[in-house]
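Below, each chain spelled out in residue letters.
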Amino acid sequence: MNNLNDLQNQLIQGQRLSMQGSYQRRAPAKKAVSYLLSARKGLNEYVKQNTDNILAWRLLSLAEEYLLNYNAAIYSLQKVIELGEKDRKDLKRLVMLKEYGGQWQELNMSPEQLESLGTYLEEKIDTYGCDHSLTHTKEWLDGNIPKSKKSKVTKAMQNQGGFCDCEVLMNVID
Ligand SMILES: [Zn+2]
């Protein structure tokens, strides 16, 4: 079974590789994802056995945040706060998570999908440049997102400053 120290080290390793700042709303770098997934899995098992371990809930909350699962990050952070650590920093983080969670929920794409869209756009922009439209973004959406969701996702990208393909790459994905 996992011990908390190992899980914390795994999480730190994932965080180092992820190239994310805090609250940056960007997908973790590919090489970080396996560490983060594995830390999250271990921490989820750990908190089942140790429901009042504040550190474990705190680490789980971070793992979820790095993986852009904001609702799950909020749930774990609320556990930390409930268990008695009413730290101003935690309360502030809760507010930020809710804010970014709302934006991500609106976008409704997984880190893997964002990564795939990013690779697609990089290739297209390298070859054709950006024509100040969402042409290539929409091509990718056509192949990867249910048609019914397309306009909602496009709108969410624009809300995050992605009005053309190069802006999607810059403002939504990076
Ligand atoms: Zn552009």
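Residues numbered from 1 in each chain as written. Predicted model: local features only at pLDDT ≥ 70, side-chain atom pairs only at ≥ 80, totals over all residues.

Undergrad: Tell me about the overall build of the protein chain, residues and numbers included.
TA: Each helix and strand in the protein chain was counted, giving nine helices and zero strands. Overall size of the protein chain, expressed as C-alpha extent along the three principal axes, is 55 × 30 × 25 Å. Evaluated residue by residue, the protein chain yields a buried proportion of 32% over its 174 residues. In the protein chain, the share of contacts with a sequence separation of at least 24, taken over all contacts with a separation of at least 6, comes to 58%. (Helix = DSSP H or I, 4+ residues; strand = E, 2+ residues; numbered from the N terminus. Buried ≥ 20, exposed ≤ 12 C-beta atoms within 10 Å, placed from the backbone. Contact = placed C-beta atoms within 7 Å.)

Undergrad: I'd like to hear about the nonpolar core, residue by residue, with values.
TA: Counting 22 residues, the largest nonpolar core has L36, A39, L43, L59 and A63 as its most contacted members. Every element with two or more residues in this core is listed here: helix 1 (4–18), helix 2 (30–49), helix 3 (54–66) and helix 4 (70–82). Residue contributions to this core peak at seven residues, all from helix 3. Formed by 14 residues, the second largest nonpolar core is a distinct cluster that contains L107, L141, V168 and I173. (Core = buried A, V, L, I, M, F, W, Y, C linked by C-beta atoms within 7 Å.)

Undergrad: Summarise the domain arrangement of the protein chain; cite the residues concerned and give the values.
TA: Taken domain by domain, the protein chain consists of domain 1 (4–106) and domain 2 (111–173). Put simply, the middle of domain 1 and the middle of domain 2, counted by C-alpha atoms, are 27 Å apart. Contacts between the two partners involve nine residues from domain 1, matched on the other side by seven residues from domain 2. Looking at side-chain class alone, the side of domain 1 that touches domain 2 contains five nonpolar, one polar and three charged residues. (Domains from an automatic or database assignment. Nonpolar A, V, L, I, M, F, W, Y, C, P; charged D, E, K, R; others polar.)

Undergrad: Can you tell me about the confidence of the model for the protein chain, naming the residues and giving the values?
TA: Mean pLDDT over the protein chain works out to 88, with 94% of the residues at or above the 70 mark. Across the protein chain, helix 7 (residues 135–144) holds the top mean pLDDT of 96, while helix 5 (residues 88–107) sits lowest at 85. (pLDDT = per-residue confidence, 0-100.)

Undergrad: Account for helix 2, with residues named and values stated.
TA: Taking 1.5 Å per residue as the helical rise, helix 2 with its 20 residues ought to reach 28 Å, and the 30 Å between its terminal C-alpha atoms agrees with that figure. Listed as buried for helix 2 are A32, Y35, L36, A39, R40, G42, L43 and Y46. The elements touched by buried residues of helix 2 are helix 1 and helix 3. (Expected span 1.5 Å × (residues − 1).)

Undergrad: Hey, could you go over the environment of Y46 for me, with residue numbers and the actual values?
TA: As for its position among the elements, Y46 is in helix 2. Once the C-alpha coordinates of Y46 and E122 are considered, the two residues, 76 residues apart in sequence, prove to be 40 Å apart.

Undergrad: Lay out the packing of helix 1 against helix 3 in plain terms, naming residues and giving numbers.
TA: Helix-helix packing is characterised by the crossing angle of the two axes and by the distance between the axes. The contact between helix 1 and helix 3 brings their axes to 11 Å, and the two run at 25°. Taken as axis vectors, helix 1 and helix 3 run roughly parallel relative to one another. As for how helix 1 packs across helix 3, the hand of that crossing is left-handed. Residues L4, L7, Q8, L11, G14, Q15 and S18 of helix 1 pack against L55, A56, L59, L62, A63 and Y66 of helix 3. Residues belonging to the contact of helix 1 with helix 3 are distributed by class as follows: nine nonpolar, four polar and no charged. (Axes fitted to C-alpha atoms, helices over the stretch in contact; angles between N-to-C directions. Parallel < 35°, antiparallel > 145°, perpendicular 65-115°, else oblique. Left-handed = near helix turned anticlockwise from the far one by under 90°.)

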